[in-house]
Amino acid sequence: MDAQPKYWEANTRCKLGDRRAIRIEGAVFIVRCIREGQSGSKIPTIPNMKQSIKVPDGECDWIIEKAE
């Protein structure tokens, strides 16, 4: 597992278990890929800004591991 996840990027191939950081309105969410594929063209929406929620993104799905 990555010690320091990379920041999320649009239209990028993601593998199962990849971790990314998503910054939204000053908060940083660490997400882990649970369905491989290509990320979407826009930053995914974090529903209710809560942890343990599946977040769809293009062909990928993410689960929030941590919110900072």
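Residues numbered from 1 in each chain as written. Predicted model: local features only at pLDDT ≥ 70, side-chain atom pairs only at ≥ 80, totals over all residues. Heavy atoms only, no water.

A. Representation of the overall build of the protein chain. Along its length, the protein chain carries zero helices and seven strands. Sequence-ordered secondary structure for the protein chain, helices as α and strands as β, is β-β-β-β-β-β-β. Within the protein chain, the fraction of its 68 residues that count as buried is 37%. Across the protein chain, contacts joining residues at least 24 apart in sequence account for 41% of those joining residues at least 6 apart. Roughly 4300 Å² of accessible area belongs to the protein chain as shown, and the carbon and sulfur atoms make up 47% of that amount. (Helix = DSSP H or I, 4+ residues; strand = E, 2+ residues; numbered from the N terminus. Buried < 20%, exposed > 50% of the residue type's maximum accessible area, 1.4 Å probe, protein only. Contact = heavy atoms within 4.5 Å. Areas by Shrake-Rupley, 256 points an atom, 1.4 Å probe, with all protein chains shown as cover.)

B. Quick peek at the sheet that holds strand β1 (residues 6-7). The five strands are arranged β1-β3-β4-β7-β6 in an open sheet whose pairing can be described as mixed. Only two strands of the sheet have a single partner each, and these edge strands are β1 and β6 (54-57). For strand β4 (residues 27-35) and strand β7 (residues 60-67), the ladder comprises six bridges, and the chain directions are antiparallel. Its bridge partner being in β7, I30 is matched across the sheet by K66. (Pairing = 2+ DSSP bridges.)

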